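# Residue-level structure breakdown
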Amino acid sequence: MLIDGLSLLLLIAGMIFFLAGTLGVLRFPDVYTRLHALTKADNVGLGLIVAALALQAPAWAVVGKLILVWLLVLVASTLSCHLVARTAQRRGVTPWQ
Amino acid sequence: MTLVYLGGALFLLLTLVAGLWRVLRGPTAADRMLAAQLFGTTAVACLLLLAEADRAPALRDVALVFALLAVVAVVTFVRRNWRAAGEDLDAD
Amino acid sequence: MRQSAVYEQPRARVMTRVKRVLLFALLWWLLTEGRAEAWGMGAVLVVAAALLSVSLAPPVAWSLPGALRFVPYFIWRSLVGGVDVARRALSPARPLQPAVIEYPLRLALPRSRLFMAGVISLLPGTLCTEIVDDKLWVHLLDRRGDFQRDLGILEQKVAGLFRDENRPEEG
């Protein structure tokens, strides 16, 4: 099945991004660089997983719901990324050079 | 595909557990707050995979509520724990 | 809260509510995954929520052509941003050269400024840490690159999306 193959590829790619996000959180030197890794990699990862599932969705409404979930997570993580970075800065956490 | 979805969900759980190390380690409070974000995104992805694997559409609703709550949780957490003196986080 | 200074034409008021009802009907359709039997209760809830939402969140000016230009740009750039950071996280050498720069904002509306601050965090190598007066503080993952230009392009797209004047507010 072509669709199944495409879904599988998207899922694997999504997993790689989630793995990269976690590795970034573990390996990067300060809170700012860790935020970069987490926010960007996990959102692409979730986007790819949503795309993989959307290909298998039984109805258009389900596709829409999956996209809605992804958009909500985008809002939550960009907001939290900005708030955490901003609070770290105000608390005087100096960026790693 | 069911096995693939279950495997994917398990893999995501493992990355989540690895991320816990950062929560324990810190070193700053900001590093621990960052973990809340990690949990939110990964949990939503897990739930979406499980909804498909179990043919349980209700889990998609759980993912949706998680995503909604993540927005509220983040703002509340930052406001309560890390409010800078005299500053309003809504001001820009 | 409705702004009393702006007089709404009756026709515009009706159109605002019609659009909201359609938007909430779409949301209900997504939430119920298209189940027909959910529309009995749904019809009442959709209309009630739509009418309530008009006073809780008054309509915001935006532009459809602006959105059509913004969305593909955003999807492409956030994909590039994800690939870039994933490459750095997976690479054994962990190449990073962080820096913090200031970016002078031209956007005037608070919502477009906040929107830009959020979107920056998904684009390649940039993260907004603070908005001070008319400047954004941007943390860079790697200082090599023309970030003033990249941020300028993003700012233009955001201005187009929200019909922002793209210049500092006066008074």
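Treat the numbers as computed from the prediction; the structure is a model and nothing was measured.

This brings us to the overall build of chain B. A count of helices and strands for chain B gives three helices and zero strands. Counting from the amino terminus, helix and strand elements in chain B follow one another as α-α-α. Per-residue burial over chain B gives 41% buried out of 92 residues. Intrachain contacts of chain B at a sequence separation of at least 6 include 44% that bridge at least 24 residues. Surface accessibility of chain B: about 4,700 Å² in total, with carbon and sulfur atoms responsible for 68%.

Moving on to the interface of chain C and chain B. One widely used convention gives an interface's size as the accessible area the parts lose upon coming together. Contacts between the two partners involve five residues from chain C, matched on the other side by five residues from chain B. Here chain C meets chain B over a buried area of about 440 Å², counting both sides, of which 49% is carbon and sulfur. Three residues stand out in chain C for area buried against chain B, namely Leu31(C), Glu33(C) and Ile131(C), and they jointly supply 67% of the buried area on that side. Along the contact surface separating chain C from chain B lie one salt bridge. Where Glu33(C) meets Arg60(B), a salt bridge forms, and the shortest distance between an N and an O atom there is 2.8 Å. Linking chain C with chain B are one residue pair in polar contact (both at pLDDT 80 or more), by the criterion used here. Here the residues of the side of chain C that touches chain B sort into four nonpolar, no polar and one charged.

Between chain A and chain B, the contact holds 43 residues from the first and 45 residues from the second. Between chain A and chain B, a total of about 3,900 Å² is buried, with carbon and sulfur atoms accounting for 76% of that surface. Looking only at chain A, the three residues that lose the most surface to chain B are Met15(A), Leu26(A) and Leu53(A), adding up to 13% of its buried area. Put simply, chain A and chain B have two salt bridges between them.

Bringing a nonpolar patch on the surface into the picture now. A contiguous nonpolar patch, built from Leu8(A), Ile12(A), Ile16(A), Leu19(A), Met1(B), Val4(B) and Leu90(C) and spanning about 520 Å² of accessible area, is present on the exposed surface. Inspection of the secondary structure assignment puts Ile16(A) in helix α1 (residues 2–27). Ile16(A) gets classed as partly exposed once you look at its relative accessible area, which sits at 44%.

Aromatic ring pairs are reported here in terms of the distance separating the ring centres and the angle at which the planes meet. Applying the stated rule across the entire model yields three aromatic pairs over all chains. Between Phe70(C) and Phe74(C) the ring centres are 5.7 Å apart and the planes differ by 15 degrees, which places this aromatic pair in the stacked class. Of this pair, Phe70(C) and Phe74(C) both sit in helix α3 (residues 64–90), four residues apart, which is roughly one turn of that helix. A single burial state applies to Phe70(C) and to Phe74(C), both of which are buried. Seen in terms of ring centroids, Phe70(C) and Phe115(C) are 5.5 Å apart; in terms of plane orientation they differ by 55 degrees. Their pairing is tilted. Of this pair, Phe70(C) sits in helix α3 while Phe115(C) sits in helix α4 (residues 110–120), and the two are 45 residues apart along the sequence. Here the aromatic residues Phe70(C), Phe74(C), Phe115(C) and Phe162(C) are joined through ring pairs into a cluster of three or more. Between Arg94(C) and the ring centre of Trp96(A), over which it is positioned, the NZ or CZ distance is 5.6 Å.

On average, chain B scores 81 in pLDDT, and the residues at 70 or more come to 80%. The element-level mean pLDDT for chain B is lowest in helix α3 (residues 58–82) of chain B, coming to 80, with helix α1 (residues 2–25) of chain B highest at 90.

This part takes up the UniProt feature "transmembrane region" (unreviewed entry) in chain A. Residues and elements named next belong to chain A. As recorded in UniProt, the feature "transmembrane region" (unreviewed entry) lies at residues 6–29, 41–61 and 67–85. Secondary structure over residues 6–29 splits into 92% helix and 0% strand, and the C-alpha atoms at its two ends are 36 Å apart. For residues 41–61, the helix share is 86%, the strand share is 0%, and the end-to-end C-alpha distance is 27 Å.

Before going further, it helps to examine the packing of helix α2 (residues 31–56) of chain A against helix α2 (residues 29–53) of chain B. For any two helices packed against each other, one specifies the inter-axial angle together with the distance between the axes. The geometry of α2(A) relative to α2(B) is characterised by a closest axis approach of 10 Å and an angle of 10 degrees between their N-to-C directions. Comparing their axes, α2(B) and α2(A) come out roughly parallel. Here α2(A) contributes Val31(A), Arg34(A), Leu35(A), Leu38(A), Thr39(A), Asp42(A), Asn43(A), Leu46(A), Ile49(A), Val50(A), Leu53(A) and Gln56(A) to the contact with α2(B), which in turn contributes Ala30(B), Asp31(B), Leu34(B), Gln37(B), Leu38(B), Thr41(B), Thr42(B), Val44(B), Ala45(B), Leu48(B), Leu49(B) and Glu52(B). Residue composition of the contact of α2(A) with α2(B), grouped by class: 14 nonpolar, six polar and four charged.

Our focus in this paragraph is α2(A). The terminal C-alpha atoms of α2(A) lie 37 Å apart, and with 26 residues this matches the ideal 38 Å at 1.5 Å per residue to within 8%. A large share of α2(A) lies buried, amounting to 23 of its 26 residues.

Take the UniProt feature "transmembrane region" (unreviewed entry) in chain B next. Following the UniProt record, the feature "transmembrane region" (unreviewed entry) maps to residues 29–50 and 62–82 of chain B here. Secondary structure across residues 29–50 of chain B divides into 100% helix and 0% strand, with the first and last C-alpha atoms of the span separated by 32 Å.

Membership of the largest hydrophobic core comes to 57 residues, with the highest contact counts inside it found for Leu46(A), Ile49(A), Leu48(B), Leu49(B), Met116(C), Leu136(C) and Leu154(C). Among the elements that make up this core, the one with the highest residue count is helix α3 (residues 60–90) of chain A (nine residues). Once residues within four sequence positions are removed from consideration, Leu49(B) is found in contact with Leu11(A), Met15(A), Ile49(A), Leu53(A), Tyr5(B), Gly8(B), Ala9(B) and Leu12(B). Counting 16 residues, the second-largest nonpolar core is a separate cluster that includes Val31(A), Val84(A), Ala85(A) and Leu38(B).

Conventions adopted
- Counting from 1, residues in each chain are numbered in the order their sequence is written.
- Chains carry letters and ligands carry numbers; both start at the beginning, A for chains and 1 for ligands, and go up in the order they are written.
- Given that this is a predicted model, residues contribute local features only at a pLDDT of at least 70 and side-chain atom pairs are listed and counted only at 80 or more, while totals for whole chains, interfaces and linings are drawn from all residues.
- For the side-chain quantities, the full set of heavy atoms in the structure was used; hydrogens and water were omitted.
- Helical segments are the DSSP runs of H or I of at least four residues, strand segments are the runs of E of at least two, and each set is numbered from the N terminus.
- Buried residues are those whose accessible area, probed at 1.4 Å on protein chains only, stays under 20% of the maximum for their type, while exposed residues exceed 50% and partly exposed ones sit between those limits.
- Residue contacts are defined here by distance: any two heavy atoms, one from each residue, within 4.5 Å place the two residues in contact.
- Using a 1.4 Å probe, accessible areas were evaluated by the Shrake-Rupley method; residue-level cover was limited to the displayed protein chains.
- Using a 1.4 Å probe, buried area is obtained as the accessible area two parts lose upon being combined, added over both of them.
- The working definition used for a salt bridge is a side-chain nitrogen of Lys or Arg within 4 Å of a carboxyl oxygen of Asp or Glu.
- Polar contacts, as used here, are pairs of N or O atoms within 3.5 Å; protein pairs need one atom able to donate a hydrogen and one able to accept it. Residues neighboring in sequence count only if both atoms are side-chain atoms.
- When residue character is reported, Ala, Val, Leu, Ile, Met, Phe, Trp, Tyr, Cys and Pro are called nonpolar, Asp, Glu, Lys and Arg charged, and the others, Gly included, polar.
- Like-charged residues within 9 Å of one another, or nonpolar side chains (Val, Leu, Ile, Met, Phe, Trp, Tyr) within 5 Å, are grouped into patches, provided each residue has over 30% relative accessible area and no salt bridge.
- Aromatic rings from Phe, Tyr and Trp, taking only the six-membered ring of Trp, are treated as a pair when their centres fall within 6.5 Å; an angle between ring planes under 30 degrees marks them as stacked, one over 60 as edge-to-face, and anything in between as tilted.
- In this scheme, Lys NZ or Arg CZ marks a charge over a ring once it lies within 6 Å of the ring centre and within 35 degrees of the ring normal.
- The pLDDT value tells you how sure the predictor is about a given residue, anywhere from 0 up to 100.
- UniProt positions are given in the numbering used here, feature names are shortened, and annotations may be inferred rather than shown by experiment.
- Interaxial angle, 0 to 180 degrees, is taken between N-to-C directions of lines fitted to C-alpha atoms, where a helix line uses only the stretch in contact.
- Any angle from 65 to 115 degrees is called roughly perpendicular, while one under 35 is roughly parallel, one over 145 is roughly antiparallel, and all others are oblique.
- To estimate the expected span of a helix, count its residues, drop one, and scale the result by 1.5 Å.
- By nonpolar core is meant a set of buried Ala, Val, Leu, Ile, Met, Phe, Trp, Tyr and Cys residues that side-chain atoms within 4.5 Å join together.

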